[in-house]
Amino acid sequence: QEQLVESGGGLAQAGDSLRLSCTAPGYAYGSNMAWFLQAPGKEREFVAAISWSGGGTLMADSVKGRFHVSKSRTKDVMYLLIDTLKPEDTATYYCAASQTYDGQAVENYTWWGRGTQVTVTS
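Note that the coordinates shown come from a computational prediction; the quantities given were computed from them, not determined experimentally.

Parameters at a glance
Residues numbered from 1 in each chain as written. Predicted model: local features only at pLDDT ≥ 70, side-chain atom pairs only at ≥ 80, totals over all residues. Heavy atoms only, no water. Disulfide = S-S within 2.5 Å. Helix = DSSP H or I, 4+ residues; strand = E, 2+ residues; numbered from the N terminus. Buried < 20%, exposed > 50% of the residue type's maximum accessible area, 1.4 Å probe, protein only. Pairing = 2+ DSSP bridges. Contact = heavy atoms within 4.5 Å. Core = buried A, V, L, I, M, F, W, Y, C linked by side-chain atoms within 4.5 Å. 1 Å grid on protein atoms, 1.4 Å probe; cavity = no way out; pocket = protein on both sides within 12 Å on 5 of 7 lines; lining within 4 Å. Points joined across faces, edges and corners; volume = space filled by probe spheres on them. Nonpolar A, V, L, I, M, F, W, Y, C, P; charged D, E, K, R; others polar. Phe/Tyr/Trp six-rings, centres within 6.5 Å; stacked < 30°, edge-to-face > 60°. Lys NZ or Arg CZ within 6 Å of the ring centre and 35° of its normal.

A. Representation of the state of the cysteines within the structure. Applying the stated criterion across every chain, the model contains one disulfide. Note on cysteine connectivity: Cys 22 is disulfide-linked to Cys 95, with sulfurs 2.0 Å apart. Between Cys 22 and Cys 95, the disulfide has an S-S torsion of 60 degrees and is therefore right-handed. Taken together, the residues span a long stretch of sequence, with Cys 22 in strand β3 (residues 18–23) and Cys 95 in strand β9 (residues 91–98) at a distance of 73 residues.

B. Inspection of the pairing of strand β11 (residues 116–121) at higher detail. On β11, burial follows the alternation: Thr 116, Val 118 and Val 120 on one face are buried, whereas Gln 117, Thr 119 and Thr 121 on the facing-out side are not. Here four bridges tie strand β2 (residues 10–13) to β11, and the two strands are oriented parallel to one another. For Gln 13, the partnering residue across the bridge sits in β11 and is Thr 121. The sheet contact formed by β9 and β11 spans three bridges and is antiparallel. Within β11, the residue paired with Ala 91 across the bridge is Val 118.

C. The environment of Ala 91, seen in detail. The residue Ala 91 is located in strand β9 in this model. Exposure remark for Ala 91: the relative accessible area of 1% places this residue in the buried category. A C-alpha to C-alpha distance of 15 Å links Ala 91 and Ser 17, two positions 74 residues apart in sequence. Excluding anything up to four places from it in sequence, Ala 91 contacts Leu 37, Gln 38, Ala 39, Thr 116, Gln 117 and Val 118.

D. A look at the nonpolar core. In this structure, Met 33, Trp 35, Leu 80 and Tyr 93 are the most contacted members of the largest nonpolar core, which totals 39 residues. Those elements that place two or more of their residues in this core are β3, β4 (32–38), β5 (45–50), β7 (67–71), β8 (77–82), β9, β10 (111–112) and β11. In contact with Leu 80, not counting residues within four places along its chain, are Leu 18, Arg 19, Leu 20, Trp 35, Val 47, Phe 67, His 68, Val 69 and Tyr 93.

E. Expanded view of the layout of surface pockets. The space that makes up the largest pocket amounts to roughly 170 Å³. Lining of the largest pocket is provided by Leu 37, Ala 39, Lys 42, Glu 45, Ser 62, Val 63, Arg 66, Phe 67, Glu 88 and Asp 89. Its residues assigned to classes, the lining of the largest pocket comprises four nonpolar, one polar and five charged.

F. Expanded view of the packing of aromatic side chains. Overall, the coordinates contain seven aromatic pairs when judged by the stated rule. Judged by centre distance (5.7 Å) and plane angle (75 degrees), the rings of Phe 36 and Phe 46 are edge-to-face. Of this pair, Phe 36 sits in strand β4 while Phe 46 sits in strand β5, and the two are 10 residues apart along the sequence. Both residues of the pair, Phe 36 and Phe 46, belong to the buried class. Plain terms: the ring middles of Phe 36 and Trp 112 are 5.1 Å apart, the flat faces sit at 50 degrees to each other, and that makes the pair tilted. Here Phe 36, found in strand β4, pairs with Trp 112, found in strand β10; they are 76 residues apart in sequence, far enough to count as distant. Each of the two residues, Phe 36 as well as Trp 112, counts as buried. A cation over an aromatic ring shows up here: Arg 44 above the ring of Tyr 94, its NZ or CZ 3.6 Å from the ring centre. Looking at Lys 71, its charged tip hangs above the ring of Trp 52, at a distance of 4.3 Å from the centre.

Below, the structure written as structure tokens:
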């Protein structure tokens, strides 16, 4: 089954900005979507969620003001813009989707991508 596909990760310097993308396959159309990150040796943690329309968003307190979630005009692509990158942003970033859930719990999302690695150097 085709998965969600993340892109946009890579190596960046502290202070730069980076935009990640996640494309939803057909079966996920209409779903709420979310970003999670997993730093080395740590558990996967919630970053942001957005409704299919893009009209509703939820951000983790730890990223408010520096991370911004949005959708494409066609609604099938979710973005995560990270401003003023910090070395502690280094992690694998995953996107997820659910037809019925729009919160912060990892276990409640149905579909996942394989992740995109972001590495920030000082």
